[in-house]
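Letter by letter, the chains look like this.
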Amino acid sequence: MTHVYCAECGFLSPAAANYCPRCGALLATEAGSETTMSFELDTGGEEADTSEAASLSGPALVVRSGGGMAGQAFQPGEGRTLIGRSPECDVFLDDVTVSRRHAELEREGDVFTIRDLGSLNGTYVNRRRIESTVLQDDDEVQIGKYRLTFLQR
């Protein structure tokens, strides 16, 4: 392959280039590479019915939309809960818009703090990008294309 198309502007660039000469976007590397894909913050769309989550006792992150996991709930234990694309993560979100080690949820008693771990697409709470913040009941968390609701009971 001697050329590559920019995913942002469509410009035909030399295959050896890392960035698009026209718009400066990072050019795609070899097919099948394991990099995190850029993703824009989701501002709407279909959401799952979270009524099934009402039967949970204790705190939980419930997937509202994204990746065919809508309605799935994750209940964090004491200490740290790792969230990411790596199968070793406690909350496994299998999509290229999620970094391997994207964020962590830390529990200290009844206080839950979510912290971004330097992910490409960031971690959002109630549509605001955060580095670290304390979660409240019904907060919306967005990680890559996944939208989750934090429920504290």
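Higher on the page you've got the structure.
Residue positions within a chain follow its written sequence, with the count starting from 1. Reporting of local features is limited, given that this is a predicted model, to residues whose pLDDT is at least 70; pairs of side-chain atoms are given and counted only at 80 or more, and all residues count toward the totals for whole chains, interfaces and linings. Calculation of side-chain values draws on the structure's entire complement of heavy atoms; hydrogens and water are dropped beforehand.

Comments concerning the nonpolar core
Part 1 of the argument: Nine residue types can take part in a nonpolar core, namely buried Ala, Val, Leu, Ile, Met, Phe, Trp, Tyr and Cys, and a core is a set of them joined through side-chain atoms within 4.5 Å. Buried residues are those whose accessible area, probed at 1.4 Å on protein chains only, stays under 20% of the maximum for their type, while exposed residues exceed 50% and partly exposed ones sit between those limits. Core analysis: the biggest nonpolar cluster contains 20 residues, and I83, L93, I114, L135 and V141 have the highest contact counts within it.
Part 2 of the argument: A run of DSSP states H or I qualifies as a helix once it reaches four residues; a run of E qualifies as a strand once it reaches two. Both are numbered from the N-terminal end. Put simply, the parts of the chain that give this core at least two residues each are strand 3 (60-65), strand 7 (103-108), strand 8 (111-116), strand 12 (139-143) and strand 13 (146-151).
Part 3 of the argument: The biggest single contributor to this core is strand 13, with three residues.
Part 4 of the argument: Throughout, a residue-residue contact means that at least one pair of heavy atoms, one from each residue, lies within 4.5 Å. I83 has contacts with L61, C89, V91, L93, R101, H102, A103, L105, I114 and I143, leaving out every residue within four places of it along the chain.

Overview of the pattern of salt bridges
Part 1 of the argument: Salt bridge, as applied in this entry: a Lys or Arg side-chain nitrogen positioned within 4 Å of an Asp or Glu carboxyl oxygen. Scanning all chains against the criterion turns up nine salt bridges.
Part 2 of the argument: Here E104 makes a salt bridge to R80, at a shortest N to O gap of 3.8 Å. Here R80 lies in strand 5 (residues 79-84) and E104 lies in strand 7, a separation of 24 residues in the sequence.
Part 3 of the argument: For R80, a relative accessible area of 54% translates into the label exposed.
Part 4 of the argument: Note that R127 and E140 form a salt bridge whose closest N and O atoms lie 3.4 Å from each other. Of this pair, R127 sits in the loop between strand 9 (123-125) and strand 10 (128-130) while E140 sits in strand 12, and the two are 13 residues apart along the sequence.

Some thoughts on the sheet that holds strand 7
Part 1 of the argument: Pairing between strands is defined by DSSP: at least two bridges between the two strands are required. Taken together, five strands build an open sheet; the order of strands is 6-5-7-8-11 and the sheet is mixed. Among the strands making up the open sheet, the edge pair consists of strand 6 (91-92) and strand 11 (132-134).

Focus on the environment of L82
Part 1 of the argument: Turning to its location among the elements, L82 is positioned in strand 5.
Part 2 of the argument: Along the sequence, L82 and H102 sit 20 residues apart, while their C-alpha atoms lie 7.9 Å from each other.
Part 3 of the argument: With sequence-adjacent residues up to four places away left out, L82 is seen in contact with C89, D90, V91, R101, A103, E104 and L117.

The quantities given are spatial measurements derived from coordinates; they are silent on function.
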